[in-house]
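Results of the structural survey
Spelled out, the chains give:
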Amino acid sequence: MFGPLVVKSGSSKKNKTGSWRVELKPKFLQKDCIGCKLCVLVCPEGCVEGAEKNTYHCDYSYCKGCGDCALICPKKDILMIKEGEKE
Amino acid sequence: MKEFLEGSRAVAEAVKLCKPGVISAYPITPQTHIVEELAQFVADGALNSQFVNVESEHSAASVVLGSTATGVRSYTATSSQGLFYMAEVVFNIAGMRLPVVMTCANRAISAPINIWNDQQDSVSLRDAGWIQLYAEDNQEVVDLHLMAYRLGEDKSVMLPVMVCMDGFILTHGIETVDMPTQEQADKFLPPYHALYKLDVDNPMTLGPLADPDYYIETRYAIQETHKHVLTLLPKITAEFSKVFGRTYNGLIEEYRVKDAERVIVAMGSVCGTVKDVVDELRDKGKKVGLLKIVSYRPFPAQQIYEALKAIPKVGVLDKAVSLGSFAPLSAEIKAVFFGKKKKPEVISSFVAGLGGRDITKNSVREMFSMLTAKERSEFIDLKPELLKDTYE
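What counts as what
Residues numbered from 1 in each chain as written. Chains lettered and ligands numbered in written order. Predicted model: local features only at pLDDT ≥ 70, side-chain atom pairs only at ≥ 80, totals over all residues. Buried ≥ 20, exposed ≤ 12 C-beta atoms within 10 Å, placed from the backbone. Helix = DSSP H or I, 4+ residues; strand = E, 2+ residues; numbered from the N terminus. Pairing = 2+ DSSP bridges. Right-handed = clockwise from strand over helix to strand, strands pointing away. Axes fitted to C-alpha atoms, helices over the stretch in contact; angles between N-to-C directions. Parallel < 35°, antiparallel > 145°, perpendicular 65-115°, else oblique. Left-handed = near helix turned anticlockwise from the far one by under 90°. Contact = placed C-beta atoms within 7 Å. Nonpolar A, V, L, I, M, F, W, Y, C, P; charged D, E, K, R; others polar. Core = buried A, V, L, I, M, F, W, Y, C linked by C-beta atoms within 7 Å.

1. Focus on the pairing of strand S15 (residues 346-351) of chain B
Residues and elements named next belong to chain B.
- Of all the 6 residues making up S15, 5 are buried; the element is thus mostly covered by neighbouring parts of the structure.
- For strand S14 (residues 313-318) and S15, the ladder comprises 6 bridges, and the chain directions are parallel. If you follow aspartate 318 over to S15, its bridge partner there is valine 351.
- For the crossover that starts at S14, traverses helix H12 (residues 328-337) and ends in the parallel S15, the hand is right-handed.
- Strand direction decides the pairing type here: S15 and strand S16 (residues 377-379), joined by 3 bridges, are parallel. Within S16, the residue paired with phenylalanine 350 across the bridge is glutamate 378.

In structure tokens, the structure reads:
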């Protein structure tokens, strides 16, 4: 008999870390964004993406709600809102 | 062909027959001769294998973990402190389900430092997930190595196997051994084809993080596989018998146990001494016998139950202790009979031979004489003059 043994590459995508979020989640306002990509670089889950200014957003199925993106945003264009509030 | 060989040489020859692609080991008494011989075979071109010299046992175990993970049959050997230094890798090898074969030349554990034989080293690692087989003599230790690869590499097993042989008594003892031919070995042991392996073209991870959602299933799977080994090993020994003509049960060996009134249970080379005493006592009309445990992991509880359920008095000889508790083998033999209707009236525990103290025929006679209606837990051949109640 075998248990979980071998992991093929890309398996971390199966681990939906969004379920860890408890209280706050980021809201990307997409108003004053300058497209500096700091939110993309700082995200520990790598779940923020966007192409040009005012297009950045995150994938809530992986966002753990750590708030690093809101903290680092130089334009204060990302807010941490209560879980359940409108995004 | 029958040859007169030192046990270590016989093991090296047996390992050569199994054609491991990688050998890695660090020398430690009394294992050294085994890997010296193998290094010589490789240097002479007699064995096409990579011999990886390392700076420690931790590295030796890590090398064979890695090489087996890439799908290559691998071998290592150690003793005592070396096995303990390997300990975390020993658990990893089993957890990653890699069928490494290791020879443990059984030796006592420090402190005080002692290079002589007992079985504390391998017995202490009984919970690691490895299959553990204990040899009585040099012929058996040769044969167990061939069976070890066959068993561990079976697609339904994929577990490492530790072949345990008593240090010096077997490793440095010279006996007649019927060495198999390469043709016989090849017939019995096919080349190793791994179920899974590290491969750059097909990337995968072995032994990754398993959080509480995953870990316990890995342990349960090994536990169930050990139960399966209890049925598979006798089948493999039956096939072994067809090719080589020597018959083993693989799990236990009953020696004059039928109709016996007193039986000693033991593992390893001391079984030879016990058999001699059993023969002498039988000649005098005493109904005595020996139950040899070959497979300590998996522990053949059902076979032990069947063998001992009608024996009135049983003594368990341990060459190891679990300091602060019962001797390891004795505790497990008692556990076999807990709650059973048919069971021995008495199961006594004897700890003997620690740190190379000889277990003589007299020692064995003494154990048989202690198998009375009174249940005992004794150290045999103690020297009371060395023991003091206060430090001076």
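More follows now that the structure is in view.
2. Some remarks on the packing of helix H3 (residues 57-69) of chain B against helix H5 (residues 87-95) of chain B
Residue and element names in this part refer to chain B.
- The N-to-C vectors of H3 and H5 enclose an angle of 15 degrees; their axes lie 8 Å apart at closest approach. Considering the angle they form, H3 stands roughly parallel to H5. Seen from above, H3 lies across H5 with left-handed handedness. Residues His58, Ala61, Ser62 and Leu65 of H3 pack against Val89, Val90, Asn92 and Ile93 of H5.
- Each residue belonging to the contact of H3 with H5 can be placed in one class, and the counts come to 5 nonpolar, 3 polar and no charged.

3. Quick word on the interface of chain B and chain A
- Opposite the 15 residues of chain B that make contact, chain A presents 9 residues.
- Breaking the side of chain B that touches chain A down by element, the ones donating at least two residues are strand S9 (204-206) and helix H9 (215-244) of chain B.
- Here the element with the most residues in the side of chain B that touches chain A is H9 of chain B; it accounts for 6 residues.
- Looking at side-chain class alone, the side of chain B that touches chain A contains 9 nonpolar, 3 polar and 3 charged residues.
- With 3 bridges joining them, strand S1 (residues 6-8) of chain A and S9 of chain B adopt antiparallel strand pairing. Each bridged residue has a counterpart across the sheet, and for lysine 8 of chain A the counterpart in S9 of chain B is methionine 204 of chain B.

4. A few points about the nonpolar core
- With 113 residues, the main nonpolar core has Val163, Val263 and Val265 of chain B as its most contacted residues.
- Residue contributions to this core peak at 8 residues, all from helix H7 (residues 138-152) of chain B.
- Leave out the neighbours within four places in its chain, and valine 263 of chain B touches Val257, Gly289, Leu290, Leu291, Leu308, Ile311 and Val314 of chain B.
- Cys39, Tyr56, Tyr62 and Cys69 of chain A belong to the second largest nonpolar core, which has 13 residues in total.

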